[in-house]
Every structure is written in C-alpha cells, then in structure tokens.
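Descriptive structure summary
As a plain string of letters, each chain reads:
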Amino acid sequence: MDFEHVFDESYERVLQRTVDDKGFFEEFYRRFIASDPRVAALFKSSDLPRQQRMLERSLYRLLVFYASNYADEHLEEIALKHSKLVLNITPDLYDLWLEVLIETVKDFDPIYDENIELSWRLVVSSGITYMKFKYDH
C-alpha cells in the first residue's frame, strides 16, 4: 500500500469539508486546545488563524520528512522553537497532538478507515519522533 498516496487523498478530502461550519484546521485547534489545560495555556494569546496556516505548512513539512528522512531548515526551526530551550513543548504533548489530529481526520474524511488512520500516523510519526528527540538535544 502506498501510504503517502492514501494520506494525500485523505488530506485533500479533509480540506474540502466543514464540520459544524468549521474547517479542518480550525476544528483541530478547537479540539486540541480543549484537550488539556497545558495546551489551552500555550495558546491563550495566540493568533489562531495564523496557527492554522502554520499547521498546514507544517503538515507538508512532515510529509516531506516522511518521504525523504531529511529535516529541512523549516523543520529544524520548528524543532528549536518547540524545544525545552524556547517554548518548552513537552514530548507528551506531541502524542496528544497526534491523537487529536487523528480524531479530527476521522470526523472530516468521509471514507475514513484503518488504512487512512495508519497513513496519517505513518506520515506524521517520524516528524513527531524528530521533534521529541530535539526537545532536549
């Protein structure tokens, strides 16, 4: 199975749908912020439309990292910004981020199944592993 292709097709579907008049990224952030008080505190004064655009670009970077196993400058900058030295985004929050992302995909992709879930997990997990590693390195 070509998981990258499955991811790409699912990604296109989730971007085309709205749920309760919310787009995918808006709904993801609503859920993520509600998922943990630490997350709510981190985003308390954030520009959420800007965060949504950044997430869209970051998902692309995670896909590139998955396909190439190469951390470009953008991913390196994100990792540094989220590390213990700057924003102190603890590694456990990446696991929460992934679970909220999968739940959001589940509600936005009308043909969601276990292959779609696995494709999303595979595409973003190597990048999450990279981010967790860079937390204190």
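For the structure, see preceding data.
These lines cover the structure that appears in this document, whether it is placed above or below. Worth saying up front: this structure is predicted, and the values here are computed from it rather than measured. (Residues numbered from 1 in each chain as written. Predicted model: local features only at pLDDT ≥ 70, side-chain atom pairs only at ≥ 80, totals over all residues. Heavy atoms only, no water.)

1. Remarks on the packing of aromatic side chains
- For the coordinates displayed, the defined rule picks out 13 aromatic pairs.
- Measuring from centroid to centroid gives 5.2 Å for F24 and F25, while their planes differ by 80°, and the two rings are edge-to-face. Here F24 matches F25 in class, with each residue buried.
- Relative to F108, the ring of F24 has its centre 5.5 Å away and its plane inclined at 85°; by these criteria the two rings are edge-to-face. (Phe/Tyr/Trp six-rings, centres within 6.5 Å; stacked < 30°, edge-to-face > 60°. Buried < 20%, exposed > 50% of the residue type's maximum accessible area, 1.4 Å probe, protein only.)

2. Quick look at the nonpolar core
- One finds F24, F28, L59, W97, L101, W120 and V124 to be the most contacted residues of the largest nonpolar core, which totals 38 residues.
- At the level of secondary structure, the elements contributing two or more residues to this core comprise α1 (3–16), α2 (24–35), α4 (48–68), α5 (73–82), α6 (91–108) and α7 (114–134).
- If one sorts the elements of this core by residue count, α6 sits on top with nine residues.
- Excluding its chain neighbours within four sequence positions, the residues that come into contact with L59 are Y11, F25, W97, L101, W120 and V124. (Core = buried A, V, L, I, M, F, W, Y, C linked by side-chain atoms within 4.5 Å. Helix = DSSP H or I, 4+ residues; strand = E, 2+ residues; numbered from the N terminus. Contact = heavy atoms within 4.5 Å.)

3. Notes on the layout of surface pockets
- If you add up the space inside the largest pocket, you get close to 690 Å³.
- Lining the largest pocket are 26 residues, with Y29, F43, Q51, I78 and H82 sitting closest to its centre.
- Classifying every residue of the lining of the largest pocket by side-chain character gives 17 nonpolar, five polar and four charged. (1 Å grid on protein atoms, 1.4 Å probe; cavity = no way out; pocket = protein on both sides within 12 Å on 5 of 7 lines; lining within 4 Å. Points joined across faces, edges and corners; volume = space filled by probe spheres on them. Nonpolar A, V, L, I, M, F, W, Y, C, P; charged D, E, K, R; others polar.)

4. Some remarks on a nonpolar patch on the surface
- Among the surface-exposed residues, L80, L85, V86 and L87 lie close enough to one another that they form a single nonpolar patch of about 410 Å² accessible area.
- By the element assignment, V86 lies in the loop between α5 and α6. (Patch = residues over 30% accessible without salt bridge, like charges linked within 9 Å, V, L, I, M, F, W, Y side chains within 5 Å. Areas by Shrake-Rupley, 256 points an atom, 1.4 Å probe, with all protein chains shown as cover. Salt bridge = Lys/Arg side-chain N within 4 Å of Asp/Glu carboxyl O.)

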